[in-house]
Amino acid sequence: MNENPADRIQDYLVFGEFGGVNPSIEDSSTFTFLSAERMKEVFQGRAEGCYLYSRHINPTDEYLARVMALMEASECAQITASGMSAISCVLLQLCNSGDEIISSRTIYGGTYALLKNFLPKLGITTHFVDITNLAEVMAKINSKTKVIYFESISNPLLEVADIPTLSKLANQYNLKIVVDNTFSPLMLSPIKLGADVVVYSLTKFVNGSSDCIAGSICSTRDFISSMRDVGSGACMLLGPVMDPMRAASIFKNMRTLHVRMVQHSKNALYLAENFTNLGIRVFYPGLPSHPQHELIKSLLNSDYGFGGMLTIDVKDEEIANNLMVKMQEELVGYFAVSLGFYKTLFSSPGTSTSSEIPKEEQERIGLSPGLVRFSVGIDHDIERTFERIKKSMKEVGVI
Ligand code: PLP
């Protein structure tokens, strides 16, 4: 298999029904059979390549799933209607009532709320840990533990997880490693680094146009088959299906992901260095001052840099809010949550994407009220953008 994930995507040629350069869209909820015997085989999971009903498998969703599997170098993939449904279905597939999860404490607020507030209703308990502290992770492992969950680059503090070391630990105790790789497509390949399951919010960098909500799960063929099982699969039974029209558009957007990621990373590094020169506290794994800078260098695929996400601390919530309003006026980008857009997006994690985390816990994990998270865009002229940010910073008193 070709070693660069972008080349694997590039070489995946699919023809449309009439020889078109884009695959035809299978706009059907249900599929016909020529014999009762064949339908029975499909229900029993014994007929590869046959389609039954689009909540089970839709061919257009399958094209997108195939590209995701190629990118991740996983055997198989499943497309879901959101990142949250990918995460919740995987965890519900792997855990039963009474089981425990060990999770990084710095994760997307929605995932935190799922683990902290929702899964306990089903008897599934989560221990939140500093994922960069192996001893802390080990201390929480017991006979009920089933999963270690984390983001490869965490939201919003951009801590980097040591996927190979955590995977070795998980193997030792027969646990599953589930990694959210939303911040680092192409840059990091968690399955190759030892993870069992990789989940994505495709809503972000992978789709790149902020026009839909989408998710995916990459893993072994056996695991994905278990999630599609008509009698016991979380994807089949909870039903987070992506519409094939949308799958076709994400599929096409993925062809430019490598170009976008290079530009996101280049621009983010430029801003990170220049913010640092202004004396601002910056969280960005591409800076030598970042605690896991050497670690991420050892894990990265070549060519895609350190990613498009960076966070700064302006120390005060009101100043952070004023800065974001000002930057929007100055056309730096949008004061909005989410990430991976062509234009820079910025939000204050404590009052938005991490607001599900209680205030005391935010303080404990270093989520200060003055944080501003940037998803740096693919701006042609990042120096011009930096000058606009600097002007905004001066006006609201950051510098
Ligand atoms: N994972 C991460 C890291 C996220 O940032 C988000 C959303 O912001 C999600 C998962 C959830 O994805 P979605 O909004 O597509 O359900």
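Residues numbered from 1 in each chain as written. Predicted model: local features only at pLDDT ≥ 70, side-chain atom pairs only at ≥ 80, totals over all residues. Heavy atoms only, no water.

Take the overall build of the protein chain next. Within the protein chain one finds 15 helices and twelve strands. Radius of gyration (C-alpha) of the protein chain: 21 Å, near the 21 Å computed for a compact globule of 399 residues. Residue burial in the protein chain is summarised as follows: out of 399 residues, 56% are buried. If you take every contact in the protein chain between residues at least 6 apart in sequence, the share linking residues at least 24 apart comes to 71%. Per element, the accessible surface of the protein chain, about 16900 Å² overall, is 52% carbon and sulfur. Treating the 36 positive side-chain charges of the protein chain as one cloud and the 44 negative ones as another, the clouds have centres 1 Å apart. (Helix = DSSP H or I, 4+ residues; strand = E, 2+ residues; numbered from the N terminus. Rg over C-alpha atoms; globule rule 2.2 N^0.38 Å. Buried < 20%, exposed > 50% of the residue type's maximum accessible area, 1.4 Å probe, protein only. Contact = heavy atoms within 4.5 Å. Areas by Shrake-Rupley, 256 points an atom, 1.4 Å probe, with all protein chains shown as cover. Lys, Arg positive; Asp, Glu negative; His and termini not counted. Charge placed at Lys NZ, Arg CZ, Asp CG, Glu CD.)

Mapped onto the fold, Arg388 is located in helix α15 (residues 382–396). Among buried Asp, Glu, Lys and Arg side chains, Arg388 stands out as unpaired, with Glu330 the closest opposite charge at 5.9 Å. (Salt bridge = Lys/Arg side-chain N within 4 Å of Asp/Glu carboxyl O.)

Here the focus is the site of the ligand. In the vicinity of the ligand there are 15 residues, among which Met84, Asp180, Ser201, Thr203 and Lys204 approach most closely. Interatomic distance of 2.8 Å between a backbone N/O atom of Met84 and an oxygen atom of the ligand. At 2.8 Å from an oxygen atom of the ligand is found a side-chain nitrogen or oxygen belonging to Ser201. Burial of the ligand by the protein chains amounts to 91% of its free accessible area of 390 Å². If one sorts the elements of the shell around the ligand by residue count, helix α4 (residues 83–94) sits on top with three residues. The residue inventory of the shell around the ligand, partitioned by class, reads six nonpolar, six polar and three charged. (Near = heavy atom within 4 Å. Polar contact = N/O pair within 3.5 Å; in protein donor to acceptor, adjacent residues only side chain to side chain. Nonpolar A, V, L, I, M, F, W, Y, C, P; charged D, E, K, R; others polar.)

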